Amino acid sequence: MTTALWLLFVLGLVGAFDTLYFHEWRGKLVADPTMRPELKLHVARDAIYVIIFATLPTVAWRGWWTAILATLLAAEIAITLADFVTEDEVRAGIGGVFPGERVTHAVMGIVYGAMLAYLVPTMWRWMQQPTDLTLATHPVPDPLTWSLIAMAAGILLHGLRDLCAVIGLPGSHWPYEPPGGTA
């Protein structure tokens with residue numbers, strides 16, 4: 001389980017780079033209303049990531065809860081696949097997805113797959129146990145646990161930022177100017 005959590009940590013680092021560099025700095029996605037279909041997917045995926053990053057180091061998803069965790073993990077994959085298609089459609093006006101961003105997404109997919117490969121045996125053991133959400137007993141270094149929880153908080157904050165842009169709240173494009181002037 002610890003290896004799965006370290007891979008989740010790496011995924012969080014690469015995801016933070018993707019979000020801050022490609023989505024925020026280069027793409028300024030929150031400033032452009034045409035990006036809302038993509039941002040809706042990001043909001044949904046962020047909700048799942050908050051749960052995964054906050055609970056995997058601290059909670060054992062036993063019995064039927066394992067099926068709920070598996071459903072969340074599969075939903076994340078489905079959302080990501082939909083995002084690949086959607087971002088090609090909505091970003092045509094800004095020249096498409098940045099080449100480096102495609103590479104970053106590929107790396108994230110590989111790390112996510114490796115994380116799942118290490119997580120599935122633990123999930124299998126959890127599935128055999130009575131249904132319960134309980135504090136995890138797997139040994140996880142405290143700095144890793146707290147880093148993943150901090151990442152969950154960062155994902156939550158950025159997901160809320162994207163949600164504000166999706167619903168068009170005033171100022172949600174800050175610090176960028178929307179295309180065509182003020183909004």
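In what follows, the accompanying structure is described. Everything quoted here is computed from the prediction, not taken from an experiment.

Calculation notes
Residues numbered from 1 in each chain as written. Predicted model: local features only at pLDDT ≥ 70, side-chain atom pairs only at ≥ 80, totals over all residues. Heavy atoms only, no water. Axes fitted to C-alpha atoms, helices over the stretch in contact; angles between N-to-C directions. Helix = DSSP H or I, 4+ residues; strand = E, 2+ residues; numbered from the N terminus. Parallel < 35°, antiparallel > 145°, perpendicular 65-115°, else oblique. Left-handed = near helix turned anticlockwise from the far one by under 90°. Contact = heavy atoms within 4.5 Å. Nonpolar A, V, L, I, M, F, W, Y, C, P; charged D, E, K, R; others polar. Expected span 1.5 Å × (residues − 1). Core = buried A, V, L, I, M, F, W, Y, C linked by side-chain atoms within 4.5 Å. Buried < 20%, exposed > 50% of the residue type's maximum accessible area, 1.4 Å probe, protein only.

## Observations regarding the packing of helix 1 (residues 2–26) against helix 4 (residues 99–127)
Where helix 1 meets helix 4, the axes come as close as 9 Å, and the angle between the chain directions of the two elements is 160°. In terms of their interaxial angle, helix 1 and helix 4 are classed as roughly antiparallel. Crossing geometry of helix 1 relative to helix 4 is assigned as left-handed. For the pair helix 1 and helix 4, the contacting residues are Thr 3, Ala 4, Leu 7, Leu 8, Val 10, Leu 11, Val 14, Gly 15, Phe 17, Asp 18, Phe 22 and His 23 in the first and Gly 100, Glu 101, Thr 104, His 105, Val 107, Met 108, Val 111, Tyr 112, Ala 114, Met 115, Tyr 118 and Leu 119 in the second. Residue classes in the contact of helix 1 with helix 4 are distributed as 16 nonpolar, six polar and two charged.

## Some remarks on the packing of helix 1 against helix 5 (residues 142–166)
Where helix 1 contacts helix 5, the two axes come as close as 10 Å, and the packing angle between them is 30°. Crossing of helix 1 over helix 5 shows left-handed handedness. Packed against helix 1, whose contacting residues are Thr 2, Leu 5, Trp 6, Leu 8, Phe 9, Gly 12, Leu 13, Thr 19 and Glu 24, the element helix 5 presents Leu 144, Ser 147, Leu 148, Met 151, His 158 and Arg 161 at the interface. The class makeup of the residues in the contact of helix 1 with helix 5 is eight nonpolar, five polar and two charged.

## As for the environment of Leu 69
By the secondary structure assignment, Leu 69 is in helix 3 (residues 64–90). Put simply, Leu 69 and Ile 48 are 21 residues apart on the chain and 9.7 Å apart in space, counted from C-alpha to C-alpha. Those residues in contact with Leu 69, other than ones at most four positions away along the chain, are Leu 56, Trp 61, Met 123 and Trp 126.

## Observations concerning helix 1
The end-to-end C-alpha distance of helix 1, which contains 25 residues, comes to 34 Å, matching closely the 36 Å that a straight helix rising 1.5 Å per residue would cover. Lys 28 lies just past helix 1 and shows a positive phi near 50°.

## A few points about the nonpolar core
In this structure, Leu 8 and Leu 56 are the most contacted members of the largest nonpolar core, which totals 36 residues. Of all the elements, helix 4 adds the most residues to this core, at eight residues. With near-sequence residues (within four places) excluded, Leu 8 lies in contact with Ile 52, Phe 53, Leu 56, Met 115 and Leu 148. One finds Leu 29, Val 30, Leu 39 and Val 43 within the second-largest nonpolar core, a separate group that totals ten residues.

## Examining the side chain of Thr 66
Relative to the helices and strands, Thr 66 is located in helix 3. Under the relative-accessibility criterion, Thr 66 is labelled buried at 4%. Contact partners of Thr 66, with chain neighbours within four places excluded, come to Trp 61, Met 123, Trp 126 and Met 127.

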